[in-house]
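Observations on the model geometry
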Amino acid sequence: KKNNNNMGTLGKLEYKAAGIGWVVVGDENYGEGSSREHAALEPRHLGGKAIIVRSFARIHETNLKKQGMLPLTFADPADYNKVQPGDKISINGLTSFAPGVPLS
């Protein structure tokens, strides 16, 4: 299983101070057990831009949207295995973003 917290809180604060956005890459049922809005508020407060996962816990996905975070799922869940710690991620297609239209 991947260590999805390589950056840690200190790194996130440094990224925020430098104006550098970051994303979370997670596995299946991301957010399970964290249905409170505070769990979705922290990534946005620390400069996070998107959460990209295989699947979301239903309530957590809704809370991320309410907090202005972009909850995304992999079109092919196997692509999760291609992402490595330290990879740089760009999200293309946001200017024409619409429901049901894949981003790249």
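Not measured: the values here are computed from a predicted model.

Looking at unusual backbone geometry
One non-glycine residue, N29, lies in positive phi territory at about 55°. Secondary-structure assignment places N29 in the loop between β1 (22–26) and α2 (37–45).

Quick look at the layout of surface pockets
By volume, the second largest pocket amounts to about 510 Å³. Taken together, 24 residues form the lining of the second largest pocket, with I52, L72, T73, F74 and L103 sitting closest to its centre. When grouped by side-chain class, the residues that make up the lining of the second largest pocket number 16 nonpolar, four polar and four charged.

A closer look at the packing of aromatic side chains
Taken as a whole and assessed by the stated rule, the structure comprises two aromatic pairs. Taking 6.1 Å as the distance between ring centres and 85° as the angle between the ring planes, the aromatic pair formed by Y30 and F56 counts as edge-to-face. On the criterion of sequence distance, the pair formed by Y30 in the loop between β1 and α2 and F56 in the loop between β2 (48–53) and α3 (58–66) is long-range, its members being 26 residues apart. Residue classification places F56 among the buried positions, given a relative accessible area of 11%.

Examining the nonpolar core
Counting nine residues, the largest nonpolar core consists of W22, V24, A40, L46, I51, V53, F56, L64 and M69. Listing elements by their share of this core, those giving two or more residues are β1 and β2. Core analysis: the second largest hydrophobic core is formed by eight residues, A50, L72, F74 and Y80 among them.

Examining the environment of N63
Residue position: N63 is located in helix α3. Since its relative accessible area comes to 5%, N63 is described here as buried. Along the sequence, N63 and H38 sit 25 residues apart, while their C-alpha atoms lie 8.7 Å from each other.

Things to note about the confidence of the model for the protein chain
This prediction gives the protein chain a mean pLDDT of 85; 88% of its residues lie at or above 70. Between residues 1–5, whose pLDDT stays under 50, and residues either more than four places distant or in other chains, the model counts eight contacts.

Considerations on the environment of A50
Position of A50 among the secondary structure elements: in strand β2. The spatial distance from the C-alpha of A50 to the C-alpha of V23 is 4.9 Å, given a sequence separation of 27 residues.

Parameters and conventions
Residues numbered from 1 in each chain as written. Predicted model: local features only at pLDDT ≥ 70, side-chain atom pairs only at ≥ 80, totals over all residues. Heavy atoms only, no water. Helix = DSSP H or I, 4+ residues; strand = E, 2+ residues; numbered from the N terminus. 1 Å grid on protein atoms, 1.4 Å probe; cavity = no way out; pocket = protein on both sides within 12 Å on 5 of 7 lines; lining within 4 Å. Points joined across faces, edges and corners; volume = space filled by probe spheres on them. Nonpolar A, V, L, I, M, F, W, Y, C, P; charged D, E, K, R; others polar. Phe/Tyr/Trp six-rings, centres within 6.5 Å; stacked < 30°, edge-to-face > 60°. Buried < 20%, exposed > 50% of the residue type's maximum accessible area, 1.4 Å probe, protein only. Core = buried A, V, L, I, M, F, W, Y, C linked by side-chain atoms within 4.5 Å. pLDDT = per-residue confidence, 0-100. Contact = heavy atoms within 4.5 Å.

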